[in-house]
Amino acid sequence: MANNPVVNIFKIKELRERIFFTFVILVVFRLGCVLTIPGIDASVLLGYFGDLASKNKNAFASYMDFFAGGAFSNFSVFMLGVMPYVSTQIILQLALIIFPSLKRIAQEDGGQRKVAAWTRVGTVFVCLIQSMAVTVYASSIQYNGASAIVMSNPLAFKLLAMLTVTTGAMITVWLGDQITAHGIGNGISMLIFAGIVARLPHAVIELRNRVVDPDSNLNPVFVIIVLVMFVGIIGLVVFEQRGERKIRVNYAKRVVGRKMYGSQNTYIPFKINPSGVIPVIFASSFLTFPLQIVSSLGSGENSARWIARLSAILTPTGWWYNILLVLLIVFFAYFYTQVTLNPTEIAKNIRENGGSIPGIRTENTESYLQKVLNRLVLPGSLYLAVIAVLPTIIQNLFGFPQAISMLMGGTSLLILVGVDLDTMSQIEALLKMHHSDGLLKKGRIQSRNL
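Here goes a summary of the coordinates provided. (Residues numbered from 1 in each chain as written. Predicted model: local features only at pLDDT ≥ 70, side-chain atom pairs only at ≥ 80, totals over all residues. Heavy atoms only, no water.)

### With respect to the overall build of the protein
In terms of helices and strands, the protein carries 18 helices and seven strands. Counting every position in the protein, which comprises 450 residues, the buried fraction comes to 47%. In the structure as shown, the protein presents an accessible area of about 22,300 Å², 63% of it carried by carbon and sulfur atoms. (Helix = DSSP H or I, 4+ residues; strand = E, 2+ residues; numbered from the N terminus. Buried < 20%, exposed > 50% of the residue type's maximum accessible area, 1.4 Å probe, protein only. Areas by Shrake-Rupley, 256 points an atom, 1.4 Å probe, with all protein chains shown as cover.)

Below is the structure:
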């Protein structure tokens, strides 16, 4: 077999089918992002959102477009993307920690299937709330005296829009599940990845137009500096994602049936940031909750005033947004790590298999692992938070447009690089399973042992 791992990917039937399946699902997702829901005049939307730098778009719309690849501005059937599902996951995981009875149910046989079913049911309710906000937002869109809503019956439009958008969101979640089961990478993350990538060409075009525009105060030298900074941020993300702390574990000789298994030494790899880019996705999604709730309350003067205030506070380029983003990233890093890496369970598995950590008493294994995780998560989450907000701060100083700040900022780069690294790791594992060289065989980026 050829030594080129890229060639090997397409020679291996399983990998080839998985990649093709993922590509087809992403194409279906992008098609759904341009299909306008019934009752909406697409020409009015085109005029209203014609300029990417338009100030018509509020913070809520900017958030949704960021994760859905512009589907929200199109008022498409997939306009909510997978964010309702992510929001429901946050709520349910918090509930599992707060209520011990729910946690016991989740740990029973078949408990994870119950949690998954609860998550989908909850997603429907979150979609209904967000879709109600969509109808309120659509009623406020006017362009050249024409309304974006063409249906004469407001109640009929609201019911039709809520049904269409909710169904579209659930189909999007189903598409993500299909990628996870039959494709490459985590399906939900891949759809978010696709949405961000789909917006990047528009941001690049806008950046070029701002540079060549003689009336613009955007200095080309600053653009070059920021682009170099983006490359540096990508390197920092790779360093952070690959770094790990290895905990050595020794296993004594043991007898299983009539066989004796010899002692062996292995290690537990704890990443600098065990939760990956999940804290960034969770934090960004959590910051949309206030806007979603207020937007769904109605289109009256009081509601409009609250929406304007929250939009000003939660503007992605604002100080309040970035302060809250840092705090939420740290919180969700601790939260998600405790959910996915439970020191109690790890210590239990080590003891049951006759293992021990050198220099640590068996009864102290759990506390030692918890201490190691705490020492890793705090600096790792702060590192993640700094990467997320630093580009936005620098771009504000240089006067970059909001569309470019969001799409080429730290949050988007963290998601893009994190998802890409996870997908490459899965591809490499499949290559090695088929006795082929991994993607990183030559010039491998070694995991850093801290």
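### Quick look at the packing of helix H2 (residues 13-32) against helix H9 (residues 187-212)
One way to put it is that H2 packs onto H9 with a least axis distance of 11 Å and a crossing angle of 60°. In this view, H2 runs oblique relative to H9, as classed from their interaxial angle. The two elements H2 and H9 cross, and the hand of that crossing is right-handed. Counted together, Thr-22, Leu-26, Phe-29 and Arg-30 of H2 and Met-190, Leu-191, Ala-194, Gly-195 and Ala-198 of H9 form the full contact between these two elements. For the contact of H2 with H9, the residue count by class is six nonpolar, two polar and one charged. (Axes fitted to C-alpha atoms, helices over the stretch in contact; angles between N-to-C directions. Parallel < 35°, antiparallel > 145°, perpendicular 65-115°, else oblique. Left-handed = near helix turned anticlockwise from the far one by under 90°. Contact = heavy atoms within 4.5 Å. Nonpolar A, V, L, I, M, F, W, Y, C, P; charged D, E, K, R; others polar.)

### Notes on helix H14 (residues 319-340)
For H14, which comprises 22 residues, the first-to-last C-alpha distance of 31 Å matches the rise-based estimate of 32 Å (1.5 Å per residue) to within 8%. Buried residues of H14: Tyr-321, Asn-322, Leu-325, Leu-328, Ile-329, Val-330, Phe-332, Ala-333, Phe-335 and Thr-337, and no others. (Expected span 1.5 Å × (residues − 1).)

### Describing the side chain of Gln-178
Secondary-structure assignment places Gln-178 in helix H8 (residues 154-182). By relative accessible area, Gln-178 is classed as buried at 18%. The contact partners of Gln-178, leaving out residues within four places of it in the chain, are Phe-21 and Gly-183.

### Topic: the nonpolar core
Judged by nonpolar contacts, the single largest core of 76 residues is most densely connected at Ile-40, Phe-75, Ile-141, Ile-192, Leu-325, Ile-329 and Ile-415. Core analysis: the second largest hydrophobic core is formed by 14 residues, Tyr-251, Ile-268, Ala-347 and Ile-350 among them. (Core = buried A, V, L, I, M, F, W, Y, C linked by side-chain atoms within 4.5 Å.)

### Digging into the environment of Pro-38
Within the secondary structure layout, Pro-38 lies in the loop between H2 and helix H3 (42-48). By relative accessible area, which is 40% here, Pro-38 ends up partly exposed. As for Pro-38 and Met-151, which are separated by 113 residues in sequence, their C-alpha atoms are 8.8 Å apart.

### Describing the packing of aromatic side chains
Counted according to the given criterion, the structure contains four aromatic pairs. Seen in terms of ring centroids, Phe-29 and Phe-78 are 6.1 Å apart; in terms of plane orientation they differ by 15°. Their pairing is stacked. Within this pair, whereas Phe-29 is found in helix H2, its partner Phe-78 is found in the loop between helix H4 (59-68) and helix H5 (83-98), the two being separated by 49 residues in sequence. Accessibility classification places Phe-29 together with Phe-78 in one group, the buried group. Between Phe-332 and Phe-335, the aromatic rings sit 6.2 Å apart at their centres with planes inclined by 75°, giving edge-to-face as the arrangement. Residue Phe-332 and its partner Phe-335 are located together in helix H14, separated by three residues, close to a single helical turn. For Phe-335, a relative accessible area of 6% puts it in the buried group. (Phe/Tyr/Trp six-rings, centres within 6.5 Å; stacked < 30°, edge-to-face > 60°.)

### Considering the environment of Thr-180
Tracing the backbone through its elements, the reader meets Thr-180 in helix H8. Residue classification places Thr-180 among the partly exposed residues on the basis of a relative accessible area of 43%. As a C-alpha pair, Thr-180 and Thr-22 span 158 residues in sequence and 9.0 Å in three-dimensional space. Every residue in contact with Thr-180, bar those within four places of it in the chain, is listed here: Gly-185, Asn-186 and Gly-187.

### Here's the deal with unusual backbone geometry
Even without a glycine there, the phi angle at Phe-75 is positive, about 50°. Topologically, Phe-75 is positioned in the loop between H4 and H5.

### Comments concerning the environment of Gly-187
If you trace the backbone, Gly-187 turns up in helix H9. Note on Gly-187: relative accessible area 0%, which makes it buried. Setting aside residues no more than four positions away along its own chain, Gly-187 makes contact with Gly-176, Ile-179 and Thr-180.

### Things to note about the packing of H8 against H9
The N-to-C vectors of H8 and H9 enclose an angle of 115°; their axes lie 7 Å apart at closest approach. As judged from the angle between their axes, H8 and H9 are roughly perpendicular. For the pair H8 and H9, the crossing hand works out as right-handed. Judged by residue contacts, Thr-172, Val-173, Gly-176, Ile-179 and Thr-180 of H8 engage Gly-187, Ile-188, Met-190 and Leu-191 from H9.

### Description of the pattern of salt bridges
Evaluated as defined, the whole model comprises two salt bridges. The partner of Asp-177 in a salt bridge is Arg-120, with the nearest N and O atoms 2.2 Å apart. Pair noted here: Asp-177 is in helix H8 and Arg-120 is in helix H7 (residues 111-139), with a separation of 57 residues, a long-range link. For Arg-120, a relative accessible area of 27% corresponds to the partly exposed category. (Salt bridge = Lys/Arg side-chain N within 4 Å of Asp/Glu carboxyl O.)

### Some remarks on H5
For H5, spanning 16 residues, the distance from its first C-alpha to its last is 23 Å, which sits close to the expected 22 Å at 1.5 Å a residue. Those residues of H5 that fall on the buried side of the exposure criterion are Met-83, Pro-84, Tyr-85, Val-86, Ser-87, Thr-88, Ile-90, Leu-92, Ala-95 and Leu-96.

### Here's the deal with a nonpolar patch on the surface
A surface patch of nonpolar side chains, amounting to about 550 Å² of accessible area, comprises Phe-20, Phe-23, Val-24, Val-27, Val-28 and Leu-31. Considering the arrangement of structural elements, one finds Val-24 in helix H2. Relative accessible area serves as the criterion here: at 34%, Val-24 is assigned to the partly exposed category. (Patch = residues over 30% accessible without salt bridge, like charges linked within 9 Å, V, L, I, M, F, W, Y side chains within 5 Å.)

Everything listed is a geometric property; what it means functionally is a separate question.
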